Amino acid sequence: MRAHQRAVRPTARVEYTLPRTAVSAGRARRLTSAFLTRPRPRLAAPTADQVDDATLIASELVANAIRHGRSGCRLRLQLGHGQLTVEVHDDSPGRPRVGPLDAESESGRGLAMVQQLAHSLEVVSTGFGGKTVRAVLSV
């Protein structure tokens, strides 16, 4: 009898803890861009448009977590298997809502943009009162 061998698919993953400060969204953009543009010989590099989409998604999700959470947040990025996953965990029990798009409003459009850019968007509640917002992009 032959043993089945499983093909190992390369992935890259990183996680950052960001403080509850106004500069965290900008830091999330820079960290995401640096992670995605780092050369990886066994992984296909995302296109410039995919990097732009991912940095926008990361900054919007971190900005929401900082605005609504009680403390900082965690940003997790994973690249592999033809997708990029952007996850942001915060300690707020409230679930994010996509608000109506209003051209006059100064806020409230971020999650709608994330929904349009991502292949999928989901909110996973943790057992400790917080949540993880996960956006998956095809690469």
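Structural notes, computed from the coordinates. (Residues numbered from 1 in each chain as written. Predicted model: local features only at pLDDT ≥ 70, side-chain atom pairs only at ≥ 80, totals over all residues. Heavy atoms only, no water.)

### Describing the sheet that holds strand β3 (residues 83-90)
- Across the sheet, 5 strands lie side by side as β1-β2-β3-β5-β4; this open sheet has antiparallel pairing. Edge positions in the open sheet fall to β1 (11-18) and β4 (120-125), since each of these has one partner strand only. Recorded for the sheet is a direction-independent mean angle of 15° between the axes of neighbouring strands.
- Pairing of β3 with strand β5 (residues 131-138), which is carried by 8 bridges, proceeds in the antiparallel orientation. Looking across to β5, one finds that E87 is bridged to R134. (Pairing = 2+ DSSP bridges. Helix = DSSP H or I, 4+ residues; strand = E, 2+ residues; numbered from the N terminus. Axes fitted to C-alpha atoms, helices over the stretch in contact; angles between N-to-C directions.)

### Quick notes on helix α3 (residues 110-117)
- Among the residues making up α3, those that are buried are G110, L111, A112 and V114.
- Of the surrounding secondary structure, the elements contacted by the buried residues of α3 are α2 (48-68), β4 and β5. (Buried < 20%, exposed > 50% of the residue type's maximum accessible area, 1.4 Å probe, protein only. Contact = heavy atoms within 4.5 Å.)

### Here we look at the nonpolar core
- Counting 30 residues, the largest nonpolar core has F35, I57, L61, L75 and V86 as the members making the most contacts within it.
- Secondary-structure elements contributing two or more residues to this core are β1, α1 (24-37), α2, β2 (73-80), β3, α3 and β5.
- By residue number, the principal contributor to this core is α2, which donates 8 residues.
- Setting aside residues no more than four positions away along its own chain, L75 makes contact with V14, E15, Y16, L18, A28, T32, A58, V86, E87 and V88. (Core = buried A, V, L, I, M, F, W, Y, C linked by side-chain atoms within 4.5 Å.)

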